[in-house]
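What the coordinates show
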Amino acid sequence: MKTKLLMAFIAVALPLLVSSCGSGEKTAGPAVQDAAKTTGVLVEDAWVRATAGAKDTSMTAAFMSLTNPGSADVKLTSATSPVAGIVQLHEMAMKDGKMVMQEKAGGITVPAGSHAHLAPSGDHVMLMGLKQALRPGDEVPLTLKFSDGSSHDLTVPVKAFTEEEEHYHPTPTPTSTP
Ligand SMILES: [Cu+2]
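Calculation criteria
Residues numbered from 1 in each chain as written. Predicted model: local features only at pLDDT ≥ 70, side-chain atom pairs only at ≥ 80, totals over all residues. Buried ≥ 20, exposed ≤ 12 C-beta atoms within 10 Å, placed from the backbone. Helix = DSSP H or I, 4+ residues; strand = E, 2+ residues; numbered from the N terminus. Pairing = 2+ DSSP bridges. pLDDT = per-residue confidence, 0-100. Contact = placed C-beta atoms within 7 Å.

Of all six residues in strand E5 (residues 98-103), zero are buried; the element is thus mostly exposed. Bridge count between strand E4 (residues 84-95) and E5: six bridges; the pairing is antiparallel. Residue pairing in the sheet places His-90 in a bridge with Glu-103 of E5. Following E4, the chain reverses through two residues before pairing antiparallel with E5; Asp-96 in that reversal takes a positive phi of roughly 55 degrees.

Right under this line is the structure:
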């Protein structure tokens, strides 16, 4: 009887636990990768920021949630995309009181049994030297390579350039005169 209850609890609670992290944005829609090919790190909710409306249309960034179900840390070590001349792994850092982005030495660690969230104002996959404009609704091929030797070929949706622009280009808050 007790065992039965416990099993029921596990069946209900486990999916919740697994999905509880990074569930803030559930706008990504269906999974962007073939689950059958998944090894090592899981990639979820990947998206690329559209260049439409951006000040600098030669570069943009990809964001995603990475989950490492294994017992050893894994690093995202590199990424490539046919739409970009250069792809780098970036982090945001405070320099002289200003948030700047810079290449993340050694890659982005996905801790064992945990997550890494690539998000605006945090770590991101930087796409530079874009060969085309990226509009909402477009899809961008993106290949991720991990330190465990695995790689993921993704098709990542492009989403509208929104308020996170201010993390890259701080602008004064509009003030309304009383
Ligand atoms: Cu960057």
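From this point on, the discussion continues.
As a note on interpretation, predicted positions should not be read in detail where pLDDT is low. Per-residue confidence for the protein gives a mean pLDDT of 80, with 69% of residues at or over 70. Within the model, the stretch residues 5-38 combines pLDDT values under 50 with 17 contacts to residues more than four positions away or in other chains. Note that pLDDT drops below 50 for residues 165-173; the model gives that stretch five contacts with residues more than four away or on any other chain.

Glancing now at unusual backbone geometry. Despite not being glycine, Asp-45 shows a phi value in the positive range, around 55 degrees. If you trace the backbone, Asp-45 turns up in strand E1 (residues 42-49). You can call Asp-45 buried: it has 23 C-beta atoms within 10 Å. Residue Asp-96 is not a glycine yet carries a positive backbone phi of 55 degrees. Within the fold, Asp-96 resides in the loop between E4 and E5. Given 5 C-beta atoms within a 10 Å radius, Asp-96 is considered exposed.

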